[in-house]
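Inside the fold
Below are the chains, spelled out letter by letter.
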Amino acid sequence: MLEAKGISHKFDYELFNNINLSLYKNETIAIIGMSGSGKSTLLNILSSLLQPNEGSVLYNGVDIYKLKKSKLLNIRREDFGIIFQAHYLFRGFSAKENLDIATLLSSNEIDTTLLKNLDIEHVINQGVGELSGGQQQRLSIARVLTKKPKVIFADEPTGNLDKQTSTHVMDALFKYVKNGEAGLILVTHDEELASKCDRTFKVVDLKLEEIR
Ligand SMILES: Nc1ncnc2c1ncn2[C@@H]1O[C@H](COP(=O)(O)OP(=O)(O)OP(=O)(O)O)[C@@H](O)[C@H]1O
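An unreviewed UniProt entry lists the protein chain under the name ABC transporter ATP-binding protein, with Malaciobacter molluscorum LMG 25693 given as the organism.

All right, on to the overall build of the protein chain then. Scanning the protein chain for helices and strands turns up seven helices and 10 strands. Relative to the globule expectation of 17 Å for 212 residues, the C-alpha radius of gyration of the protein chain, 17 Å, shows essentially globular dimensions. When the backbone C-alpha atoms are referred to their principal axes, the protein chain occupies close to 45 × 40 × 35 Å. In the protein chain, which comprises 212 residues, the share counted as buried stands at 37%. Within the protein chain, residue pairs in contact and separated by at least 24 positions form 71% of the contacts whose partners lie at least 6 positions apart.

Turning our eyes to something else, we now look at the sheet that holds strand β7 (residues 151-155). Judged by pairing direction, the sheet is mixed, and its six strands sit side by side in the order β6-β7-β8-β3-β9-β10 without closing on themselves. Of all strands in the sheet, those bounded by a partner on one side alone are β6 (80-83) and β10 (207-210). Neighbour-to-neighbour, the strand axes of this sheet turn through a mean angle of 20°, independent of strand direction. Pairing between β7 and strand β8 (residues 183-187): five bridges, direction parallel. Paired with Asp155 across the bridge in β8 is Val187.

A few words on the environment of Glu210. Positionally, Glu210 belongs in strand β10. Classification of Glu210 as exposed rests on a count of 10 C-beta atoms within 10 Å. In this structure the C-alpha to C-alpha distance between Glu210 and Ile31, which are 179 residues apart in sequence, comes to 9.2 Å.

Further remarks concern the environment of Met34. On the secondary structure map, Met34 appears in the loop between β3 (28-33) and α1 (39-46). Met34 gets classed as exposed once you count the C-beta atoms within 10 Å, which come to 11. Along the sequence, Met34 and Asn117 sit 83 residues apart, while their C-alpha atoms lie 31 Å from each other.

Pairing analysis gives five bridges linking strand β1 (residues 2-10) to strand β4 (residues 54-59), with the strands arranged antiparallel. Counted as the bridge partner of Leu2 is Tyr59 from β4. Looking at chain direction, β4 and strand β5 (residues 62-63) are connected through two bridges and run antiparallel. Bridge pairing links Tyr59 to Val62 in β5.

Time to look at the site of the ligand. Around the ligand lies a shell formed by Phe11, Leu15, Gly33, Ser35, Gly36, Ser37, Gly38, Lys39, Ser40 and Thr41. Looking at which element gives the most residues to the shell around the ligand, the answer is α1, with three residues. For the shell around the ligand, the residue count by class is two nonpolar, seven polar and one charged.

Take the nonpolar core next. Ranked by internal contacts, the top residues of the largest apolar core, which has 53 residues, are Ile31 and Ile152. Looking at this core element by element, the count peaks at six residues for helix α6 (residues 163-179). Non-local contacts of Ile152, meaning those with residues more than four positions away in its chain, are made with Gly81, Ile83, Val144, Leu173, Val177, Ala182 and Leu184.

Moving on, we get to the sheet that holds strand β2 (residues 14-23). On the basis of which strands lie adjacent, the open sheet formed by four strands has the order β2-β1-β4-β5 and antiparallel pairing. Bordering the open sheet on either side are β2 and β5, each of which pairs with just one other strand.

About the criteria used
- For every chain, the first residue of its written sequence is number 1, and the numbers climb from 1 along that sequence.
- Residues qualify for local features only when their pLDDT is at least 70, as the model is predicted, and side-chain atom pairs are given and counted only at 80 or more; totals for whole chains, interfaces and linings, by contrast, use all residues.
- Numbering of helices and strands runs from the N terminus; a helix is a DSSP stretch of H or I covering at least four residues, while a strand is a stretch of E covering at least two.
- Atoms counted for the radius of gyration: C-alpha only. Globule rule: 2.2 Å times residue count to the power 0.38.
- Residues with at least 20 other C-beta atoms within 10 Å of their own are called buried, those with 12 or fewer are called exposed, and the rest are partly exposed. The C-beta atoms themselves are positioned from the backbone.
- What counts as a contact here is a pair of residues whose C-beta atoms, placed from the backbone, lie within 7 Å.
- What makes two strands pair is DSSP finding at least two bridges between them.
- Interaxial angles span 0 to 180 degrees and are taken between N-to-C directions of axes, which are lines fitted to C-alpha atoms, for helices over the stretch in contact.
- Nearness between a residue and a molecule or strand is assessed with a C-beta atom placed from the backbone; a distance within 6 Å qualifies.
- Gly is put with the polar residues, along with every residue not named as nonpolar or charged; the nonpolar set is Ala, Val, Leu, Ile, Met, Phe, Trp, Tyr, Cys and Pro, and the charged set is Asp, Glu, Lys and Arg.
- Buried Ala, Val, Leu, Ile, Met, Phe, Trp, Tyr and Cys residues form a nonpolar core when they are connected through C-beta atoms within 7 Å.

Right under this line is the structure:
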């Protein structure tokens, strides 16, 4: 469903040279690598947020960076679910109101089972500012999944969660991918978590090596 072909990119120095990657339906891929090796940048490139210097990113066979801006925005809004380390929740609104925004944009309902799986159903009427960091993180994941995306891009989604909560959150994400028609690309430092994905790639020496 998503294919990166011949991606090269540099900022002040070269980051990637001719990287290729394919993500299939119902597949989970982990990307690991040293700090600063370019994992988040690669995720930005794959998720339509950063056009690479060279190469193409195909979504269902279409080069997303050759699309008109409005079409690209439609794909990003309807088909892509992007989970950042920093979650962009609307403070001053309740948790439920943050989810309502996703239901309005996608005409999907709030999935109460998902809220239970993420253990946030009991705080749903509280203001975002009253939630703990981990609850906010889980709320942002619930908001992304409420949209029912086809491809999920997650950058350290469990970075600030304890081990047990992190396992619950990842189980909810994996379940979503395996039960639906979705794929997941996960950037993580956690090798144990990476080993739960179908395949693992490592950014090393400007390349992406499939290591498992
Ligand atoms: N917009 C930008 N402009 C210039 N340099 C950037 C930009 N974004 C990232 N970089 C640089 O690219 C390199 C890779 O950054 P990136 O965040 O992709 O690494 P990472 O592997 O995700 O790191 P970490 O594991 O520490 O989060 C870093 O040296 C960073 O400073």
